[in-house]
Amino acid sequence: MFQRSYPNLAVVTHVVNDDLRDFVVRREVRRTDFMVHGEHDDRTAPQFRNRKGRGPHKGRYDRSRRDRQRGNHSGGFGGPGPRSRLDDTDGDVTMSDGSQDSSSQNRFNPYGRPFRKGDGRFDRDRRQGKGGGRGGGGGPFRVGDRGGGGGKNQSGWYKVTIPHGRKYDKKWLLTALQNICSVTYTPVQYHVDHNRVHFYVDDSSVASALHKCSHKITDTDGYKVEVHVNKSAPPSFLLSDLKPEHLEHLKQCMAKRFDGSQQALDLNNIRTDPDLVSQNIEVILNRKTNMEAVIKIIEENIPELTSLNLSNNRIHKLDELAELVTKVPNLKTLNLSQNELKSDRELDKLKGLKLVELWLTRNPLCDVFKDQASYISAVRQRFPRLLRLDGHDLPPPIGFDVETPTTIPPCKGSCFGSDEIKAVILRFLQQYYSIYDSGDRQPLLDAYHDGASLSITTPYSTQNPSRSSLGEYYKDSRNLKRVKDSTIRFRLLKHTRLNVVAFLNELPKTQHDIASFTIDVNTYTNTLLSFTVSGVFKEVVVDGKSRESTMAFSRVFITVPAGNSGLCIVNDQLFIRMATTEEIRRAFVAPAPTPSSSPVPTLTAQQQEMLTAFSQKSGMNLEWSQKCLQDNEWDFSRAAHIFTQLKAEGKIPDVAFIK
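Residues numbered from 1 in each chain as written. Predicted model: local features only at pLDDT ≥ 70, side-chain atom pairs only at ≥ 80, totals over all residues. Heavy atoms only, no water.

Taking an unreviewed UniProt entry as the reference, the chain is identified by name as Nuclear RNA export factor 1 belonging to Oreochromis aureus. Entered under Sequence similarities (unreviewed entry) in the UniProt record, the comment concerning the chain runs "Belongs to the NXF family." (UniProt positions renumbered as here; feature names shortened; annotations may be inferred.)

Here's what the structure looks like:
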């Protein structure tokens, strides 16, 4: 095949009929020196002749041609051209700020197939509403679909979403948006959903202006605030309530679906119930007002309901169902399958129900768990009595069946096991803490074994340790739940008595309330004695500084016999925490007596005689006996009465009886 070029000839195209439904063109060959103004020259310069998509016209020419063929264009025969865009200043506003090249929009492909009515993809798209006419087009998301021209803003609801908006103050967020938004707006139904913030606007120009605010606001952490805008159904509170006559039909419909022998109500896919559809009644249970109406009917007519089937109702929130906890207390079986629940956190709203059977299959939340075991565990945390899940039997629950709130019984006193052990432990503690609370803890070397070890632990806290009263202890805390590195674990464990006592000397100076001590013997053999002592203490003023805080401790001593009746520590575990309000209230009510080996010598002979007799009758040592007599102005009878009363109430510490 041979091709020839005729440089003095050109193909001229005439539009005979520009009706979209009957588009007709005529082509003819003319000499190049005979052109009529307004005619189109279809010649292609040799330097631009290229394959499709190649050369200088790649992008603009070929892209616009493809778009026109698909019906996604703003000029030509698929929508308003450049002229109409200038005339219509209130035209549709796309969510993108980008603009199209008007030259590419208005180019025409003279070599394409002539367009005829009913022929090609464009006609199919036009008939389906995908292109053609004003406001059509299949381009990017538009706010305010206009349909038929006009310059007024179109009403309609749009949902505005702020990802991670939960962390922002509502007043700050709305003010910041209004400051940069070109249109004044009023947010409707502002609410928080998980980490997102949502509200509604009912004007397309407002929606467009808000969308342009995205990434224009910087929060205090330096992050840009995103703003998403989408067309939406009206807010739920605007949806009309069911009319009284509709409620009566709904009540009758529910009565037909109720099984009295089983106390079971089946509301599966109720929106398609023939009785309701025939009356043009739309019951959609993912609407707040509709669900509330259903629950009210249940409460007033079948409060003894034990089984409820709400499957296949497009339910995505369980807020209204939370009322079942109080209004339908006997509910044992609940079917929520084939709905749109996306998070297991929705189940928290139903935690008060004593369910034994639950169905959740074919909900999106079922797909978020890594395995079946974690799924069952998450559900059972909310419903510990559950025996069946999605039709499968579960192992019996393990727990305490406590129907009514029960107060915890009061804490019992010390447990020694025998008077012999009691005497040994009390004597040891009296000596140990008299040295520990003194200015010098070095003499404690005699209390520890050569190979002794000590560790200290504090509760884990997210608070800055330097700002906590436990800061002095936090850096040495050997909390094995937090410290995983074996090297650090070994370093935090103090080995040998020299290192143990050296470490104790570095801790803040303290004053322990011996009267608060509770002692429990854990293990006792001929060669080992393990016991726990718990109580409160406070740090004393050092260099004019004091933390002014009361702390609680629990200490486990593992000891072996030493000497005739002494103890030697081989392991010491100290746990320190902040004291509770009650512990602080009861701490240091009476000052502890100063330890001494003999009574104060300034007593008269009569007082000495009375002190000796009181000590023998009460069993208390001389220091505590003298304190009791002094507090009662040396009235023997009154002191004896007070002693008997306090002992019966358990308010006299064990240390008072150490002689």
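**Q** When you look at the overall build of the chain in this model, what are you seeing that I'm missing?
**A** Broken down by element type, the chain carries 19 helices and 23 strands. Buried positions account for 36% of the 659 residues belonging to the chain. The contacts of the chain with a sequence gap of at least 6 include a subset with a gap of at least 24, amounting to 63%. Summed over all atoms, the accessible surface of the chain reaches about 39,700 Å², with 50% contributed by carbon and sulfur. (Helix = DSSP H or I, 4+ residues; strand = E, 2+ residues; numbered from the N terminus. Buried < 20%, exposed > 50% of the residue type's maximum accessible area, 1.4 Å probe, protein only. Contact = heavy atoms within 4.5 Å. Areas by Shrake-Rupley, 256 points an atom, 1.4 Å probe, with all protein chains shown as cover.)

**Q** I would appreciate a short explanation of helix α7 (residues 244-256) in the present structure.
**A** Within an α-helix, residues lying three or four positions from one another point in the same direction, as the helix has 3.6 residues per turn. Look at α7: 19 Å from first C-alpha to last across 13 residues, which is about the 18 Å you get at 1.5 Å a residue. Buried within α7 we find His246, Leu250, Cys253 and Met254. Looking straight down α7, one finds its buried side chains confined to an arc of 95°; they lie on one side. Turned more than 90 degrees away from the buried face of α7 sit Pro244, Ala255 and Lys256, all of them exposed. (Expected span 1.5 Å × (residues − 1). Arc of directions from axis to C-beta.)

**Q** Help me understand the pairing of strand β22 (residues 550-562), please; the structure alone is not making it clear to me.
**A** For a regular strand, side-chain orientation follows a simple rule: the groups alternate between the two sheet faces. Sheet topology note: the strand β21 (residues 529-539)/β22 ladder contains 10 bridges and is antiparallel. Following the sheet pairing, Val533 is matched in β22 by Arg555. As paired elements, β22 and strand β23 (residues 566-578) share 12 bridges and run antiparallel to each other. Counterpart to Pro561 in the pairing with β23 is Leu567. Here β22 hands over to β23 after 3 residues, with Gly563 in that stretch at a positive phi of 70°. (Pairing = 2+ DSSP bridges.)

**Q** For this particular structure, what's the right way to read the sheet that holds strand β13 (residues 333-335)?
**A** Neighbouring strands of a sheet are bound in pairs by backbone hydrogen bonds; such pairs are parallel or else antiparallel. Here we have 7 strands laid out as an open sheet, ordered β10-β11-β12-β13-β14-β15-β16, and mixed in their pairing. A strand with exactly one partner marks an edge of an open sheet, and here the two such strands are β10 (258-259) and β16 (392-393). Looking at chain direction, strand β14 (residues 357-359) and strand β15 (residues 388-389) are connected through 2 bridges and run parallel. Counterpart to Leu358 in the pairing with β15 is Leu389.

**Q** How should the nonpolar core be read in this particular structure?
**A** Soluble globular proteins tend to pack their nonpolar side chains together in the buried interior. Core analysis: the largest hydrophobic core is formed by 51 residues, its most contacted members being Leu429, Tyr432 and Tyr448. The leading source of residues in this core is helix α12 (residues 419-436), at 8 residues. Apart from residues no more than four positions distant in its own chain, Leu429 is found in contact with Phe517, Ile519, Phe531, Val533 and Phe557. Of all hydrophobic cores here, the second largest spans 45 residues; its members include Leu267, Met291, Leu365 and Leu389. (Core = buried A, V, L, I, M, F, W, Y, C linked by side-chain atoms within 4.5 Å.)

**Q** Could you clarify how one ought to interpret the pattern of salt bridges in this entry?
**A** Opposite charge on two side chains makes pairing possible when the charged atoms of those side chains draw close. Counted by the stated rule, this structure contains 25 salt bridges. Among the ionic pairs, Lys167 bridges to Asp219, the shortest N-O distance being 3.5 Å. Of the two residues, Lys167 sits in the loop between β6 (155-162) and α5 (170-180) while Asp219 sits in the loop between α6 (204-211) and β9 (228-231), which places them 52 residues apart along the sequence. Take Asp219: its relative accessible area is 6%, and that puts it in the buried class. A salt bridge links Glu346 to Lys317, with the nearest nitrogen and oxygen atoms 3.7 Å apart. Of this pair, Glu346 sits in the loop between β13 and β14 while Lys317 sits in the loop between β12 (307-309) and α10 (324-327), placing them 29 residues apart in sequence. One network of salt bridges, with partners in common, ties together Asp193, Arg196, Lys317, Asp319, Glu346 and Lys349. (Salt bridge = Lys/Arg side-chain N within 4 Å of Asp/Glu carboxyl O.)

**Q** Before we go on, may I ask you to explain the packing of aromatic side chains in this structure?
**A** The way to describe two aromatic rings as a pair is by their centre distance and the angle between their planes. Across all of its chains, the model carries 19 aromatic pairs by this definition. Geometrically, the ring pair formed by Tyr432 and Tyr436 is stacked, given 6.0 Å between the ring centres and 20° between the ring planes. Linking Tyr432 with Tyr436, this pair stays in helix α12, spanning 4 residues, or about one helical turn. Relative to Phe517, the ring of Tyr433 has its centre 5.2 Å away and its plane inclined at 65°; by these criteria the two rings are edge-to-face. A residue pair is termed long-range when its members are at least 10 positions apart, and Tyr433 in helix α12 and Phe517 in the loop between β19 (510-512) and β20 (518-524) qualify at 84 residues. Each member of the pair, Tyr433 as well as Phe517, carries the same accessibility label: buried. The structure contains a cluster of three or more aromatic residues connected by ring pairs, namely Phe428, Tyr432, Tyr433, Tyr436, Tyr448, Phe517, Phe531, Phe537, Phe553 and Phe557. The ring of Tyr436 carries the charged tip of Arg441 above its face, separated from the ring centre by 4.0 Å. Seen from the ring of Phe588, Lys538 lies directly overhead, with NZ or CZ sitting 4.6 Å from the centre. (Phe/Tyr/Trp six-rings, centres within 6.5 Å; stacked < 30°, edge-to-face > 60°. Lys NZ or Arg CZ within 6 Å of the ring centre and 35° of its normal.)

**Q** Honestly, α6 in this entry has me stumped. Any pointers?
**A** With 6 of its 8 residues buried, α6 lies for the most part within the structure. If you check which residues of α6 are buried, you get Ser204, Val206, Ala207, Ser208, Ala209 and Leu210.

**Q** Where do I start with the environment of Lys342 in this structure?
**A** With respect to the secondary-structure elements, Lys342 resides in the loop between β13 and β14. Its relative accessible area of 63% is what places Lys342 among the exposed residues. Put simply, Lys342 and Cys366 are 24 residues apart on the chain and 8.1 Å apart in space, counted from C-alpha to C-alpha. Those residues in contact with Lys342, other than ones at most four positions away along the chain, are Pro364, Leu365 and Val368.

**Q** Teacher, can you tell me more about the packing of helix α17 (residues 605-618) against helix α19 (residues 636-648) here?
**A** The relative placement of two packed helices comes down to the angle between their axes together with the axis-to-axis distance. Two elements in contact, α17 and α19, have axes separated by 12 Å at closest approach and are oriented at 25°. Comparing their axes, α19 and α17 come out roughly parallel. Between α17 and α19 lies a crossing whose hand is right-handed. Contact residues: Met610, Ala613, Phe614, Lys617 and Ser618 in α17; Phe636, Ala639, Ala640 and Phe643 in α19. Of the residues in the contact of α17 with α19, the class split is 7 nonpolar, 1 polar and 1 charged. (Axes fitted to C-alpha atoms, helices over the stretch in contact; angles between N-to-C directions. Parallel < 35°, antiparallel > 145°, perpendicular 65-115°, else oblique. Left-handed = near helix turned anticlockwise from the far one by under 90°. Nonpolar A, V, L, I, M, F, W, Y, C, P; charged D, E, K, R; others polar.)

**Q** What exactly am I supposed to notice about the confidence of the model for the chain here?
**A** The predicted coordinates ought not to be read in detail in places where the model reports low pLDDT. Confidence along the chain averages 75 in pLDDT terms, with 69% of residues attaining 70 or more. Ignoring residues within four places in sequence, the model shows residues 35-153, a span with pLDDT below 50, making 145 contacts including any to other chains. (pLDDT = per-residue confidence, 0-100.)

**Q** Can you help me understand the side chain of Asp476 in this one?
**A** Relative to the elements of secondary structure, Asp476 occurs in the loop between α13 (471-474) and α14 (486-492). With residues up to four places along the chain from it excluded, the contact list for Asp476 reads Ile456, Leu492, Lys494 and Phe503.

**Q** Is there a simple way to think about the environment of Leu334 in this case?
**A** With respect to the helices and strands, the residue Leu334 is situated in strand β13. Separated by 27 residues in sequence, Leu334 and Ser307 have C-alpha atoms that sit 6.0 Å apart. Contacts of Leu334, omitting those with residues within four sequence positions, involve Leu308, Leu310, Leu350, Leu353, Leu355, Glu357, Leu358 and Trp359.

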